[in-house]
Amino acid sequence: MTDPRPKQGKSVFIRTYGCQMNVYDSERMAGLLKPLGYGVAETPEGADLVILNTCHIREKAAEKVYSELGRLKRLKADKAKAGGEMKIAVAGCVAQAEGPEITARAPQVDMVVGPQAYHRLPELIAKAARERGDVLDTDFAVEEKFDRLAAREAEGPTAFLTVQEGCDKFCTFCVVPYTRGAEVSRNVDAIVAEARSLAAQGVKEITLIGQNVNAWASNPPAGVVGDQWGLGELCRHLARIDGIERIRFTTSHPRDMDDGLIAALGEEEKLMPYLHLPVQAGSDKILKAMNRGHTAEHYVKLIERIRAARPDIALSGDFIVGFPGETSEDFEATLALVDTVGYASAYSFKYSRRPGTPGAAMQKQVAEDEKDDRLARLQSLLERQRQAFNEAQIGAELPVLFEKPGRHEGQLIGRSPYLQSVHVEAPQSLLGSVAKVKIEGVTPNALAGALKTKEEAAA
Ligand code: 5AD
Ligand code: SF4
């Protein structure tokens, strides 16, 4: 078989698991390796370097990494037989949480790099080449990471931009505070510089990301007097950058949803009317046991305030069923809350016992088949809400940002303000721009529509 990759240079294959933070980190790793001569490979076969950027949030996510490492062991042996060498690196949250265990369980791994250490990948690669054995780097130094990251290349009209990392909330089910460390905010100047560079490359929409993105706080930029800024001020500031037409942020915590951010959602048109605001459960007893720091009523009132400020806002959430001690009445309270709020989309999970978290040691763990039942009931309710929300768009005219060509000739796929995929017959020249689309139909996972004006359709 011929190798489709260019003969010059080396190749890196990166597989990303988990959240947007990892998607962003993977992009940055690719950017960091480029000056070292690494081109990005589409498959792991024959790559010089394979990076698994891992997720530790649920047991299944962590186990996937070990099965993938089994497959890579064979590819590494194939490459060695052919006289080449494949280095394997495990990055991300499994690396942080289980560093030494990984190299013990999977000796084919050459490097283990925590989420705050991947900017040191070039050094680690050089070190791994010099020494035999495995190299471990799982230090926490977020500021250093951001300082050392190279300027990035944009891919397409949308981009993630990390503004905050880490979490101090310590929900009792969650590993994030242990794997990603304490809350850290990037400073305004660094964020603005990255946003400007993205805009100059044609990016129209930026999604500000952070484990607790709305906990972001920092001093105002140089030359601006006044108190600390919160995410609302940051969004208003970024909205003034030429070329940036849409701003989103994720993931938010109900406790950090302050008045400044709610006002910005109401007043700043570039802020999209879509908010991911996880509540996890609807029973106050379970919310307390989860250490969420708020009640169901507080959440519902908060949503009312947000809707008063921005009536067209669509909501998304995360839910966990079967947290220890969750009775069927507690679960009914979750369904009731979902009914009250009404979600445009949502993610729901069975509780997964994570070693080292307080939840793992709690009494009254819920039986697996009970969790299955509850998840099925919750997901069917959430799915009905999602479909109803999509169907409610029929007849509406929505601004759509076209991101990529569709499967059929002459078709483009874009996103509505509510993050729905929209399929439209449209000229290629509209790729990367926003146009008004009249929504005409829904499919299970997307909307279909037509360009509003004849001029646009003919452009
Ligand atoms: N079990 C199940 N779901 C979890 N999440 C976080 N930790 C766990 C766990 N131990 C979910 C939460 C969170 C989302 C990112 O993942 O809903 O908001
Ligand atoms: Fe995990 Fe809770 Fe922090 Fe979210 S807020 S990252 S669920 S500990």
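Computed from a predicted model, the values in this text were never measured in an experiment. (Residues numbered from 1 in each chain as written. Chains lettered and ligands numbered in written order. Predicted model: local features only at pLDDT ≥ 70, side-chain atom pairs only at ≥ 80, totals over all residues. Heavy atoms only, no water.)

*Asks:* A description of the site of ligand 2 should follow, citing residues and the corresponding values.
*Replies:* Inspection of the region around ligand 2 gives Cys167, Lys169, Phe170, Cys171, Phe173, Cys174, Val176, Pro177, Asn212, His253 and Arg292 as its neighbouring residues. Broken down by class, the residue content of the shell around ligand 2 amounts to 7 nonpolar, 2 polar and 2 charged. (Near = heavy atom within 4 Å. Nonpolar A, V, L, I, M, F, W, Y, C, P; charged D, E, K, R; others polar.)

*Asks:* Explain the site of ligand 1 residue by residue, including any values.
*Replies:* Close to ligand 1 lie Ile57, Arg58, Phe173, Gln280, Asp318, Ile320, Phe349, Lys350, Tyr351, Ser352 and Arg354. Within the side chain of Asp318, an N or O atom sits 2.6 Å from an oxygen atom of ligand 1. In isolation ligand 1 offers 410 Å² of accessible surface; the protein chains occlude 87% of this area. Counting only elements with at least two residues in the shell around ligand 1, the list comes to β15 (314-321) and β16 (345-350). Residues of the shell around ligand 1, tallied by class, amount to 5 nonpolar, 2 polar and 4 charged. (Polar contact = N/O pair within 3.5 Å; in protein donor to acceptor, adjacent residues only side chain to side chain. Areas by Shrake-Rupley, 256 points an atom, 1.4 Å probe, with all protein chains shown as cover. Helix = DSSP H or I, 4+ residues; strand = E, 2+ residues; numbered from the N terminus.)

*Asks:* Any chance you could break down the domain arrangement of the chain for me, citing the residues and the numbers?
*Replies:* Domain assignment breaks the chain into domain 1 (10-141), domain 2 (144-391) and domain 3 (397-458). Placing the centre of domain 1 and that of domain 2 at their C-alpha centroids yields a distance of 28 Å. At the interface, 26 residues of domain 1 touch 30 residues of domain 2. Carbon and sulfur atoms supply 54% of the area that domain 1 and domain 2 bury against each other, a total of about 2,600 Å² over both sides. A per-residue breakdown of the area domain 1 buries against domain 2 is headed by Met21, Tyr24 and Arg28, which together make up 27% of the total. (Domains from an automatic or database assignment. Contact = heavy atoms within 4.5 Å. Buried area = accessible area lost by both parts, 1.4 Å probe.)

*Asks:* So what about the nonpolar core? Which residues, and what values?
*Replies:* Ranked by internal contacts, the top residues of the largest apolar core, which has 65 residues, are Ile206, Leu208, Leu238, Phe249 and Tyr343. If near-sequence neighbours (up to four positions away) are discounted, Ile206 is found in contact with Ala159, Leu161, Ala195, Leu198, Leu238, Ile244, Arg246, Ile247 and Arg248. Core analysis: the next-biggest nonpolar cluster, separate from the first, contains 23 residues, Phe13, Leu52, Ile88 and Val90 among them. (Core = buried A, V, L, I, M, F, W, Y, C linked by side-chain atoms within 4.5 Å. Buried < 20%, exposed > 50% of the residue type's maximum accessible area, 1.4 Å probe, protein only.)

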